[in-house]
Structures are given as C-alpha cells and as structure tokens.
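# Analysis of the macromolecular model
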Amino acid sequence: MAMTLRWRSTTELPVDGSPLKPETFRGRTSTDAARTPLRVGNATAELGDLFDVEGEADDERLVLEGDLRCVSAIGRGMSTGTLRVHGDAGFRFAAEMSGGTAELDGSCRDWAGAEMRGGLLRIRGDAGDGLGAAYPGSLFGMREGLILVEGAAGNDVGLQMRRGLIAVRGSVGACLGRGMVAGTIFACGPVGATPGVGMKRGTLILLGLAVDPSEAFPATFAHAGGFAFAYLTLYQAHLAERGFDLPSAVSSAVLDRYNGDLANGGRGEILAPAPRPALKVVSPS
Amino acid sequence: MLLDGVLIVDTFAEAFPMTAARAIVTADTTRWAEIAGRTVSGYATSVIGCDAEVAVERRLSPRETPDGRPGVSLLIFAFSREALEKALVNRVGQCVMTCPTTACYNGLPVGEKSIVVGGRLRYFGDGWQISKRLAGRRYWRIPVMDGEFVCEEVFGTTKGVAGGNVIFLGTDPAGVLAAAEEAVAVMRSVEGVILPFPGGIARSGSKVGSKYKGLRASSNEAYSPGLRGLVSTDLPADVRCAYEIVVDGLTLEAVERATAAGVRAGAQASRGVVAVTSGNYGGKLGPHHIRLHDVLKQ
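Residues numbered from 1 in each chain as written. Chains lettered and ligands numbered in written order. Predicted model: local features only at pLDDT ≥ 70, side-chain atom pairs only at ≥ 80, totals over all residues. Heavy atoms only, no water.

What counts is decided by this rule: UniProt positions are given in the numbering used here, feature names are shortened, and annotations may be inferred rather than shown by experiment.
Looking at an unreviewed UniProt entry, one finds chain B named Formylmethanofuran--tetrahydromethanopterin formyltransferase and attributed to Paludisphaera mucosa. Under the Catalytic activity (unreviewed entry) heading, UniProt states for chain B: "N-formylmethanofuran + 5,6,7,8-tetrahydromethanopterin + H(+) = N(5)-formyl-5,6,7,8-tetrahydromethanopterin + methanofuran". Comment text from UniProt for chain B, heading Subunit (unreviewed entry), reads "Homotetramer."

Going by the annotation in an unreviewed UniProt entry, the name recorded for chain A is Formylmethanofuran dehydrogenase subunit C, with Paludisphaera mucosa given as the source organism.

### Digging into the layout of surface pockets
Applicable threshold: In this analysis a 1.4 Å probe is tested at points of a 1 Å grid over the protein atoms alone, and where it fits but cannot get out there is a cavity; an open set with protein on both sides within 12 Å along at least five of seven lines is a pocket; lining residues have an atom within 4 Å of a point. Grid points are joined across faces, edges and corners, and a volume is the space filled by probe spheres set on the points. Only DSSP runs of H or I with at least four residues qualify as helices, and only runs of E with at least two residues qualify as strands; both kinds are numbered from the N terminus onward. Think of it as three bins: nonpolar holds Ala, Val, Leu, Ile, Met, Phe, Trp, Tyr, Cys and Pro, charged holds Asp, Glu, Lys and Arg, and polar takes everything else, Gly as well.
Approximately 850 Å³ is the volume attributed to the largest pocket. Residue lining of the largest pocket: 35 residues in total, with Phe16(B), Ser46(B), Ile48(B), Ser206(B) and Tyr281(B) positioned closest to the centre. If you list the elements that add at least two residues to the lining of the largest pocket, you get β3 (12–26), β12 (158–170), β14 (206–208) and β16 (241–249) of chain B. The element best represented in the lining of the largest pocket is β12(B), accounting for four residues. Looking at the lining of the largest pocket residue by residue, the class counts come to 16 nonpolar, 11 polar and eight charged. Residue lining of the second largest pocket: 33 residues in total, with Arg201(A), Arg267(A), Gln129(B), Ile130(B) and Ser131(B) positioned closest to the centre. Within the residue set of the lining of the second largest pocket, elements represented by two or more residues are β15 (222–228) and β16 (254–260) of chain A together with β8 (130–134), β9 (137–144) and β10 (147–152) of chain B.

### Some thoughts on unusual backbone geometry
Selection criterion: Only protein chains enter the accessibility calculation, which uses a 1.4 Å probe. A residue is then buried if its area is under 20% of the maximum for its type, exposed if over 50%, and partly exposed in between.
Omega for the bond connecting Gly260(A) with Asp261(A) falls within 30 degrees of zero, at -5°, which places this linkage in the cis form. Structurally, Asp261(A) can be placed in the loop between β16 and β17 (268–273). Phi angles above zero are rare outside glycine, and Glu115(A) is one such case at about 55°. If you trace the backbone, Glu115(A) turns up in the loop between β9 (101–105) and β10 (120–123). Overall, Glu115(A) belongs to the buried group, its relative accessible area being 6%. Non-glycine residue Ala135(B) carries a positive phi angle of around 50°. The residue Ala135(B) is located in the loop between β8 and β9 in this model.

### Notes on the side chain of Glu14(B)
Residue and element names in this part refer to chain B. Operational definition: In protein, a polar contact requires one atom able to donate a hydrogen and another able to accept it; more generally it is a pair of N or O atoms within 3.5 Å, and residues adjacent in sequence count only if both atoms are side-chain atoms. The criterion used for residue contact is that any of the two residues' heavy atoms lie within 4.5 Å.
Its location among the elements puts Glu-14 in strand β3. At 2.9 Å, the side chain of Glu-14 and the backbone nitrogen of Gly-286 are in polar contact. Look past the residues within four positions of Glu-14 in its chain and what remains in contact with it is Gly-163, Asn-165, Gly-279, Asn-280, Tyr-281, Gly-282, Gly-283, Lys-284, Leu-285, Gly-286, His-288 and His-289.

### Details of a nonpolar patch on the surface
Where we set the bar: The patches described consist of residues with a relative accessible area above 30% and no salt bridge, like charges being joined within 9 Å and nonpolar side chains (Val, Leu, Ile, Met, Phe, Trp, Tyr) within 5 Å. Where accessible areas are quoted, they stem from the Shrake-Rupley method and a 1.4 Å probe; at the residue level, only the protein chains shown are allowed to cover. Salt bridges are defined by distance alone: a side-chain nitrogen of Lys or Arg within 4 Å of a carboxyl oxygen of Asp or Glu.
Side chains of Val208(B), Tyr281(B) and Leu285(B) sit close together on the surface and give an oily, nonpolar patch of about 270 Å² of accessible area. In this fold, Tyr281(B) is placed in the loop between β17 (273–277) and β18 (288–291).

### Points about the interface of chain B and chain A
So the rule is basically this: For any pair of parts, buried area is found by adding up, for both, the accessible area (1.4 Å probe) each one loses once the two are put together.
Residue-level contacts link 17 residues of chain B with 18 residues of chain A. Sorting the residues of chain B by area buried against chain A places Lys132(B), Arg133(B) and Leu134(B) first, and these three jointly supply 37% of that buried surface. Summed over the shared surface of chain B and chain A, the number is two salt bridges. Note that Arg133(B) is salt-bridged to Glu144(A), the shortest N-O span being 2.2 Å. Counting across the interface, chain B meets chain A through eight residue pairs in polar contact (both at pLDDT 80 or more). Those elements giving two or more residues to the side of chain B that touches chain A turn out to be β8, β9 and β10 of chain B. Tallying contributions element by element places β8(B) first for the side of chain B that touches chain A, with four residues. Its residues assigned to classes, the side of chain B that touches chain A shows eight nonpolar, three polar and six charged.

Next up, the structure:
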C-alpha cells in the first residue's frame, strides 16, 4: 500500500519539499511520517500541518495530491521507489534524482530533473525552464536517466547535459541543449531559437521543427546531408516501452544532419527533417 | 536399433565446451544482411584450422531485430573468450563493417563473461565515432562512406557445446548426399545451433593427430572407403561413402535436439543410407556424450 499525502494547507509561502521522496517514509507509520519537519518560508512546520497523511510506504510508493506549486524540490535526490504527484508541482521537481520513478500528473516549474543522475522522470503536463539542466555554476546538467514530457518545456532544456535521454512531446523554448556535452534529446514539437548552441557532443533530434533550419540553427552548424539513421529505432523502441511513442517513420525517415557547434569542436549533431521546398509563384505570362 | 530400415549404431558423439557468442547483423535489405552473414561465416568451418566456427543461425524479420531492419543471426564459437573476441572483432570489422548498410548487435545476455567488439572497432572512426548509451548498453556509431556503421560495444558469451556430429553411411554417394542435405535442412531449423561446414556437410572427417609432426588432425582412415584393405575400417562391406554433419550449439539440449532431428530426417534406406553413426574419441576428448539411441527416445 502506498503512503498518500494530501495537500490541505492554504499557505502561499514557499515550502521546501526535499524530504518528500519515497526513502524518507520507508518503514514509517503515517503518524510518524506526519512529524517530518519541512521548511515553510523562514520557519519549520511538520508535514502533518500541511498534508493529510495516509497509509504506509513500505513498498516505497509515495503519492502526493493537490496544488503543490508552492512546494519546491519534491522528490529531489530520490534514489529508489516510486513517487507520483497528482497536481502541479513547484521548482526543482525530482531534481538530482539518481534512481526510481517520479511521475507528475500535472505541470511543474523550472529546474525539473536538473542534474539528474538516473531513474525515470515522467511529466504529463508542461515543464518550465532548465529541464534536466545544470544549475548556474555547475559543470554538468543531467548525467544519466530518462526524462519524458508529454507537454511543452521552457528554455535551456538539457543545458550542459552530460548523458541520458530527454524526450519532449510539445514545444521547447530557446537554447535547447545549450552547451551539451553528450546525451540525446528528442523534441517532437516546435523548437525555439538557437538549439544546440555551444554543444560539444550529443544529439538533438528535432522532429517537429516548424521553420527553416538555416534560420533556426546557429551559424556554427554545418549541414552534412540527409541520411537514414537506423539507430533511432533503438530509441524509438526504448521510448515506446515506456509509453512514449515517437512518429513511426522516425527510423526510416531521411533526416538532415547538422554538425556542430563548430565553435566548440563540432562533434555534436542536430537531426531534423529536410525543410520543405518553398513554393514558387510562376506568373502565367 | 533400426529406423526406416537403417541401422542406428549404438554409439555417441563426443562434444566439448566452446565459448560462444551470437551476433545480430542487420541491413537495409535481406539481401545485404545475408551477404554480410555469409561473408562473416567464410573460412570458419573448424577450429582445427580456423580462428572460430561461424555460421548463420537463421534469418530474422524486421520485427525480430533491434533496429527494425531485416537481419541474420550468427553464432560464433571459439576455444576461449580471448580467441572469440579476437575472431569476432576481426570478422565484424572486415566482413560486416565493410558491407553496405549493415549494423551489428549483441544477441546474448551480457554478464561478467562478455567480450568487447564495438568498443574495439570504434577506433576505425579515428576520433569521429559517436557513443550512445541506452538502457545500460553502449552502441558505437562509426562514420563510413554510406553514413554510419552501428556496432554494440559489448557482446555476451556463453559456454556452448561444439563437436556434436552425425555420420551417414551408404552405398549410393549421390543418394546419401541428398539424404544428408535433407538432414541439414531439418537440423538448421532448430534454434541455437549451427552447422559450420560447407552446406552443413563435411566429407573430410578427421582423427586427432597424424604421422606428420605438427599436424593436429588428419584423415579419418577408418571412414575412408578407398583405404579398405589397407587399414582397419569402421565401414560395413558395401558402404561407398560417409558424410558427416557437425553441430555446434548454445546448449547441449539444442545440440541433442538437432542430432535427433538430423538422424530421423537422414535415415533413408531408399536413398542408399545403410547406417547412421557418430564420431567419438573413446570418451576421452569431451565431457558431453550425445548417444544416438538416447536422443531418439526423447
């Protein structure tokens, strides 16, 4: 049986939800769990002051319910078990997680999965800026694991990503994969400005690119030509096993490859469908 | 024991352990996958004289391969993991990487006893190779002239069984060969085995050693009909030829199933087959004794 925490507080102060992860409650009764201290604003409260606590988390399953937009860092650093949140979450959702599964049936604010080291993070709504990114001053962003976003994501997705896989169904903001060191990002929807800028290695697969790559990509990317990439089928199957379907033609489609960022070694790549030829209006005369 | 009027000799094949790997080779078309499979299997009949014993296990449909393209499954056998790694790296590097549109994946579970294949071939990329790690497995994308060659870094190995064999003895060489060919077709349908000799059949069965110094194996004169009267023979009086089918398998059970299937399919008195037997070395060579009578009862 899972332990369920139902939000009942009306506070609008920021709450540090770092302890809200399955391992915190392993082997504890709901009464004991309700005494867990949480930072609220500049004071400390008990979990039971903010949530109704039910059940036990012996099987390492933790469920949170409610509008948790003011609760940040839920699932931060979790390493095992299953965390499920029904509702919206605040900043740094499942950031720095190293194992287990974090699922959000809602949207979250910035830095979700930031500097993640392993496990699966699934967001069924939208994610903010800095998804799987490096914190300011850090050398690397996401280092391992899988992030799936069914909605849209903001700017700086995969900033300085070191390894791992991110797939976003909806649109993504500017600077996708900025300064990426390695790893793979699928963006199925429209993409903001300058994807891949400063990337050293790694792969961006932009299946929903709505604009001409020559306008969207940094000038420091070189067009290499169109190729079919059989290895994309491995990703397609991997994602499909986790309930994230890519367009079926992705494995056989010819995608244009852009090598870059040439300003940073040029060993990264952006794969995107070839731009549609522009229609020419020919005068009948 | 008689099967369809053919004597099944009460003897056993003496098989021995060999380290095995399975490679899945895919390509844009079945034709190119098969070309790659055949090329990898070239000069790989017996470890007496080759670096490994290799053959195509079966064709694979796009649904059965990791990258959704048609492919073939290959089994590779060698005496040690080190020898297997060396043989596989050489063969994949020379025969698969060079073959248009192909990719090569591991087909066995990876454990402690694994070998590095793509991880060695990656250096062909001269620094432009790309690593992709997915679900705990690493793949190398090596730039080649038609795009890229994808090869899995690590291949799993297992302790397989090699040297299973069936020998058909008969009076009509053409008829016995046809019966042996039918046995080959049936045996190849068993999953987890290969028949590494040409067309699955060997005509130069060997014995251990030779009168010539340094030769590890030499003609098995007891099964050579032309030497009747000169040497002690194991052939019945009217037998004019013997054809041997050698079976390597991932498990003893697979080799036994293939052996039984082969004996049943090839024991055709109407084609001049008079007896079916197996080669062994008195039980001193290998720990696995595949008794013909026993496998036929299973």
